[in-house]
Amino acid sequence: MNVQVLLDVRFQFCNNPLPVLRPAAMEVFDMVNQQDEWVGRLTGPNRDDAISELRAFLVRGLTKSMASRGGGDAFAQDIAQDAVIRILDSLDQFAGRSKFTTWAMTIATRLAISELRRRRHQDVSLDSLANGGALQIEDTTDDGNADAAKRDALSTLRQLVDETLTDKQKIAMQAMLNGLAIEEIASRLGSNRNAVYKLIHDARKKLRTGLEKAGITAETLADLFA
Amino acid sequence: MSLSKNQIAKLLQLIGTTKEDSMDCECCFDRLAEFAEAELEGRSLCEAMMAVRTHIESCPCCADEFKALLDGLRAIGNTDDC
């Protein structure tokens, strides 16, 4: 290759830079590299530096995300500390489908939210929420000007609750409507989050199906009680 | 204990937004980081990510955690060099 050809090639390259292609495979490589880098650093000889960096990163995120949720700076520091321990124990579970830092923040966020929920409802028992029977639906329409359609919808809903839901479903739904998070309900029922979610979700489906069979759609309900 | 007007409205909203949900909270959590990145970057969602979205729309707890996660990720500007 003579000098002129080299100059031509260089000229073409400078004036027509290769397009920056980011195929999905490249992103996968990035993620694998990032996984290797973070996992390597967190398990390598300079792990203390990596741990400090990760903790500072989590504190920054949590300080912002928890500020409006009742968690201050000290709370963010405490949770970040706990999250780092959890993350270090779970490194083998990082599948590399996201950035390592996103995965780490996901763990820290759940810890933070769970702790806030626990504190908020630590003195609330299911018995106190279901005092006198769970999920009782009274006619809350105004007596004089009550809309007949509203009354009918509530009456149908009350009947469906009474006839199709189990006691456990009624208690779980009552607790949720009182603001108790699913994981908090689960801890009080001696169950787990997945099971309680399914319990409540099945109850919602039963009620929805029952209302639809009675000719009351979600849109009708939204219109009636808007 | 009778439900208040607000609670009945909330119950009706829950009923109205009920969808077929093939995912549970733990499966959702396993894919939440990936879903959050797709959401923040405005990427189109594959079938697995659509299932995460459906679950989040059905589960108030997971929705709450997802919102907090997005707040945190936005705060740290989860850039490639992190």
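For the structure, check the block above.
Residues numbered from 1 in each chain as written. Chains lettered and ligands numbered in written order. Predicted model: local features only at pLDDT ≥ 70, side-chain atom pairs only at ≥ 80, totals over all residues.

S.K.: Is there a simple way to explain the overall build of chain B in this structure?
M.R.: The number of helices and strands found in chain B is four helices and zero strands. Reading the helices (α) and strands (β) of chain B from amino to carboxyl end gives α-α-α-α. For 82 residues, the compact-globule estimate of 2.2 N^0.38 gives 12 Å, and the C-alpha radius of gyration of chain B, at 15 Å, exceeds that figure by more than 25%. The principal-axis extents of the C-alpha atoms in chain B amount to approximately 55 × 30 × 20 Å. (Helix = DSSP H or I, 4+ residues; strand = E, 2+ residues; numbered from the N terminus. Rg over C-alpha atoms; globule rule 2.2 N^0.38 Å.)

S.K.: What's the story with the overall build of chain A in this structure? I'm lost.
M.R.: When you go through chain A residue by residue, the secondary structure sums to 11 helices and zero strands. In sequence order, the secondary structure elements of chain A are arranged as α-α-α-α-α-α-α-α-α-α-α. Every one of the 226 residues in chain A was classed for burial, and the buried ones make up 33%. Considering only residue pairs separated by 6 or more positions, chain A has 69% of its internal contacts joining residues 24 or more positions apart. (Buried ≥ 20, exposed ≤ 12 C-beta atoms within 10 Å, placed from the backbone. Contact = placed C-beta atoms within 7 Å.)

S.K.: Help me understand the interface of chain B and chain A in this model?
M.R.: The figure often quoted for interface size is the accessible area lost as the parts come together. Contacts between the two partners involve 38 residues from chain B and, on the opposite side, 45 residues from chain A. Elements supplying a minimum of two residues to the side of chain B that touches chain A: helix H1 (5-16), helix H2 (25-41) and helix H4 (60-76) of chain B. In the side of chain B that touches chain A, the residues fall into 21 nonpolar, seven polar and 10 charged. (Nonpolar A, V, L, I, M, F, W, Y, C, P; charged D, E, K, R; others polar.)

S.K.: How do you make sense of the packing of helix H5 (residues 100-120) of chain A against H4(B) when you look at a structure like this?
M.R.: When two helices pack together, their arrangement is given by the angle between their axes and by how far apart the axes lie. Two elements in contact, H5(A) and H4(B), have axes separated by 9 Å at closest approach and are oriented at 125°. Comparing their axes, H4(B) and H5(A) come out oblique. Along this stretch, H5(A) crosses H4(B), giving a crossing that reads as right-handed. Of the residues in H4(B), those in contact with Thr102(A), Met105(A), Thr106(A), Thr109(A), Arg110(A) and Ile113(A) of H5(A) are Asp64(B), Glu65(B), Ala68(B), Leu69(B), Gly72(B) and Leu73(B). When its residues are assigned to classes, the contact of H5(A) with H4(B) shows five nonpolar, four polar and three charged. (Axes fitted to C-alpha atoms, helices over the stretch in contact; angles between N-to-C directions. Parallel < 35°, antiparallel > 145°, perpendicular 65-115°, else oblique. Left-handed = near helix turned anticlockwise from the far one by under 90°.)

S.K.: Explain the nonpolar core here, please?
M.R.: The tendency in soluble globular proteins is for nonpolar side chains to be buried as a group. Residues and elements named next belong to chain A. Counting residues in hydrophobic clusters, the biggest one holds 73 residues, and the most contacted among them are Leu58 and Ala108. Sorting elements by how many residues they give to this core places H5 first, with nine residues. Other than its neighbours up to four places away in sequence, Ala108 contacts Leu58, Leu62, Ile79, Ala80 and Ala83. (Core = buried A, V, L, I, M, F, W, Y, C linked by C-beta atoms within 7 Å.)

S.K.: Help me understand helix H10 (residues 193-213) of chain A in this model?
M.R.: In an α-helix, one full turn covers 3.6 residues, which means residues spaced three or four apart are oriented alike. Taking 1.5 Å per residue, 21 residues should reach 30 Å; H10(A) reaches 30 Å between its end C-alpha atoms and fits that length. Within the span of H10(A), buried status applies to Arg193(A), Val196(A), Tyr197(A), Leu199(A), Ile200(A), His201(A), Ala203(A), Arg204(A), Leu207(A), Arg208(A) and Leu211(A). Buried residues in H10(A) make contact with helix H7 (148-164), helix H8 (167-177) and helix H9 (182-189) of chain A together with H1, H2 and helix H3 (47-58) of chain B. Of the residues flanking the end of H10(A), it is Gly215(A), one or two places downstream, whose phi is positive at about 85°. (Expected span 1.5 Å × (residues − 1).)

S.K.: Would you mind showing me how to read the environment of Lys150(A) here?
M.R.: Relative to the elements of secondary structure, Lys150(A) occurs in helix H7. The sequence separation of Lys150(A) and Glu163(A) amounts to 13 residues, and the corresponding C-alpha distance is 20 Å.

S.K.: I would appreciate a short explanation of H8(A) in the present structure.
M.R.: Among the 11 residues that make up H8(A), eight are buried, leaving the element largely enclosed by the rest of the structure. By the burial criterion, the buried members of H8(A) are Gln169(A), Ile171(A), Ala172(A), Met173(A), Gln174(A), Ala175(A), Met176(A) and Leu177(A).

S.K.: When you look at the packing of H5(A) against H2(B) in this model, what are you seeing that I'm missing?
M.R.: One can describe the packing of H5(A) onto H2(B) by two numbers: an axis separation of 9 Å at closest approach and a directional angle of 125°. If you check the angle between H5(A) and H2(B), you find them oblique. The handedness of the crossing between H5(A) and H2(B) comes out as right-handed. For the pair H5(A) and H2(B), contact is made by Thr102(A), Trp103(A), Thr106(A) and Arg110(A) and by Phe29(B), Leu32(B), Ala33(B), Ala36(B) and Glu37(B), respectively. By residue class, the composition of the contact of H5(A) with H2(B) is five nonpolar, two polar and two charged.

S.K.: Is there a simple way to think about the environment of Asp127(A) in this case?
M.R.: All names here are of chain A. Topologically, Asp127 is positioned in helix H6 (residues 126-129). The exposed category is assigned to Asp127, around which 9 C-beta atoms lie within 10 Å. Considering only alpha carbons, one finds Asp127 and Met66, 61 residues apart in sequence, at a separation of 30 Å.

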